[in-house]
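Coordinates in review
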Amino acid sequence: MSEPPSKRTYTQEEVTEILKRAMKQQSLQKQGLTHEELVEMANEVGIDRGAVESATAELVETRADELARQAEASELAQERSRLFNGFVSSLFFYLVICGALFFIDTRFTGGHWYYWPALGWGIALLFRLHAVLFPQRSLTRRKARELKRARREERRALRRARHRELRESFGLDVRTDGNRLGADGHGNEVNVRQRSHDVEAAVNAGAREFETAVQAGVAALLNVAARKIHEHAARAVEGERSEAFKRRR
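Residues numbered from 1 in each chain as written. Predicted model: local features only at pLDDT ≥ 70, side-chain atom pairs only at ≥ 80, totals over all residues. Heavy atoms only, no water.

A closer look at the overall build of the chain
The condition that has to hold: Counting from the N terminus, the helices are DSSP H or I runs at least four residues long and the strands are E runs at least two residues long. We call a residue buried when its accessible area falls under 20% of the maximum for its residue type, exposed when it is over 50%, and partly exposed in between, using a 1.4 Å probe and counting protein chains only. By the convention used here, residues are in contact when the closest approach between their heavy atoms is within 4.5 Å.
If you tally the helices and strands in the chain, you get six helices and zero strands. When the helices and strands of the chain are listed from N to C terminus, the series reads α-α-α-α-α-α. Across the 249 residues in the chain, those meeting the buried criterion constitute 11%. The contacts of the chain with a sequence gap of at least 6 include a subset with a gap of at least 24, amounting to 44%.

Spelled out as structure tokens, the structure:
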């Protein structure tokens with residue numbers, strides 16, 4: 001009678017290695033693991049849940065940093081390509097202009113001055129070449145301009161929305177086909193023009209009333225100031241008279 005096979009035993013290192021291999025094979029079969037499956041497997045090899053959560057968060061942060069670096073590298077490459085195209089066109093223009101200046105100078109003026117404008121434009125080309133080699137500053141400026149333009153467009157959209165709401169509050173909305181609408185929703189252009197005229201008249205009347213009230217208030221303040229000045233002058237004269245009377249006594 002054959003003896004039953006002895007039970008195999010594994011060390012902690014072998015257990016860890018076997019579970020790692022099993023997890024790798026299962027991930028290849030499933031093309032991925034859920035977070036709970038990962039935590040359960042880690043628990044089997046003696047890793048607590050907190051360590052797994054910390055490692056997962058670190059992995060997510062690392063991947064986010066890698067994606068950010070890849071996006072930044074792509075933006076820098078696109079900016080460098082744009083700057084290089086501009087540099088090539090400027091270089092071609094520079095060579096054409098320098099050739100024309102050289103021909104004019106050597107043909108008519110003896111060849112004494114053409115190299116000065118060529119030197120100036122050459123220095124400008126060197127600055128453009130520096131921007132091509134180091135496009136970070138150009139990319140930062142372009143992003144700042146785009147952000148400023150986006151904010152300006154957002155403010156314009158808000159102003160247009162407020163203007164539209166104001167017109168709707170007065171019943172002077174404008175349809176997409178160009179027909180004006182009254183408060184009743186019908187395209188009666190005559191009524192809308194009359195309503196617009198009434199609104200403008202009311203606004204002008206209110207402005208005139210406000211101006212009249214301001215002028216009246218200013219006149220009242222001037223009258224009060226003149227009265228105070230007159231009273232002060234009268235008190236000063238009275239004080240001088242009393243002093244003179246005392247000295248005579």
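Looking at the pattern of salt bridges
For clarity, the cut-off: Criterion for a salt bridge: a side-chain nitrogen of Lys or Arg within 4 Å of a carboxyl oxygen of Asp or Glu.
In total, this model carries five salt bridges according to the counting rule given. Between arginine 142 and glutamate 79 there is a salt bridge whose closest N-O contact spans 2.6 Å. Separated by 63 residues along the polypeptide, arginine 142 in helix 5 (residues 136–169) and glutamate 79 in helix 3 (residues 49–109) bring together distant segments of the chain. For arginine 142, a relative accessible area of 23% puts it in the partly exposed group. On the basis of relative accessibility, which here comes to 1%, the residue glutamate 79 falls in the buried class. One salt bridge in this structure joins arginine 142 and glutamate 146, with 2.9 Å as the shortest N-O distance. Separated by four residues within a single helix, arginine 142 and glutamate 146 lie in helix 5, roughly one turn from each other. Glutamate 146 sits in the partly exposed class, given a relative accessible area of 37%.

Description of the packing of helix 3 against helix 4 (residues 115–133)
Put simply, the rule is: Throughout, an axis means a line fitted to C-alpha atoms (over the contacting stretch in the case of helices), and angles, computed between N-to-C directions, take values from 0 to 180 degrees. Any angle that falls under 35 degrees is termed roughly parallel, while one over 145 is termed roughly antiparallel, one within 65 to 115 roughly perpendicular, and all others oblique. Under the scheme applied here, ten amino acids are nonpolar (Ala, Val, Leu, Ile, Met, Phe, Trp, Tyr, Cys and Pro), four are charged (Asp, Glu, Lys and Arg), and all others, including Gly, are polar.
One can describe the packing of helix 3 onto helix 4 by two numbers: an axis separation of 9 Å at closest approach and a directional angle of 170 degrees. The orientation of helix 3 relative to helix 4 falls into the category roughly antiparallel. Between helix 3 and helix 4, the contacting residues are Arg80, Leu83, Phe84, Gly86, Phe87, Ser90, Leu91, Tyr94, Ile97, Cys98 and Leu101 on the first element and Pro117, Ala118, Trp121, Gly122, Leu125, Arg128, Leu129, Ala131, Val132 and Leu133 on the second. Here the contact of helix 3 with helix 4 is built from residues that sort into 16 nonpolar, three polar and two charged.

Description of the packing of aromatic side chains
The following threshold applies: Two rings belonging to Phe, Tyr or Trp (six-membered ring only in the last case) form a pair when the distance between their centres is within 6.5 Å. Interplanar angles under 30 degrees mark stacking, angles over 60 mark edge-to-face geometry, and anything in between is tilted.
Counting across every chain of the model gives three aromatic pairs. Ring geometry for phenylalanine 102 against tyrosine 114: centres 5.0 Å apart, planes inclined by 80 degrees, an arrangement best described as edge-to-face. In this pair, phenylalanine 102 sits in helix 3 while tyrosine 114 sits in the loop between helix 3 and helix 4, placing the two residues twelve residues apart along the sequence. The class for tyrosine 114 is partly exposed, based on a relative accessible area of 24%. A centroid spacing of 5.4 Å and a plane angle of 50 degrees characterise the contact between tyrosine 115 and tryptophan 116, whose relative ring orientation is tilted. Relative accessible area serves as the criterion here: at 39%, tyrosine 115 is assigned to the partly exposed category. Three or more aromatic residues joined by ring pairs form one cluster here, namely Phe102, Tyr114, Tyr115 and Trp116.

Some thoughts on the nonpolar core
Cut-off, in case you're wondering: Working definition of a nonpolar core: buried Ala, Val, Leu, Ile, Met, Phe, Trp, Tyr and Cys residues. They are joined through side-chain atoms within 4.5 Å.
Core analysis: the largest hydrophobic core is formed by seven residues, namely Leu83, Phe87, Tyr94, Cys98, Ala118, Leu125 and Val132. Listing elements by their share of this core, those giving two or more residues are helix 3 and helix 4. A total of four residues in this core trace back to one element, the largest contributor, which is helix 3. When sequence neighbours within four positions are dropped, the list of residues in contact with alanine 118 reads Tyr94 and Cys98.

What about the packing of helix 3 against helix 5?
Between helix 3 and helix 5, whose axes approach to 9 Å, the crossing angle comes to 100 degrees. Classified by the angle their axes make, helix 3 and helix 5 are roughly perpendicular. On helix 5, the residues that touch Glu75, Leu76, Glu79, Arg82 and Leu83 of helix 3 are Gln136, Ser138, Leu139, Arg142 and Lys143. For the contact of helix 3 with helix 5, the per-class residue count stands at three nonpolar, two polar and five charged.

Things to note about the side chain of serine 138
For serine 138, the position within the fold is in helix 5. Given a relative accessible area of 9%, serine 138 falls into the buried group.

By themselves these figures say nothing about function.
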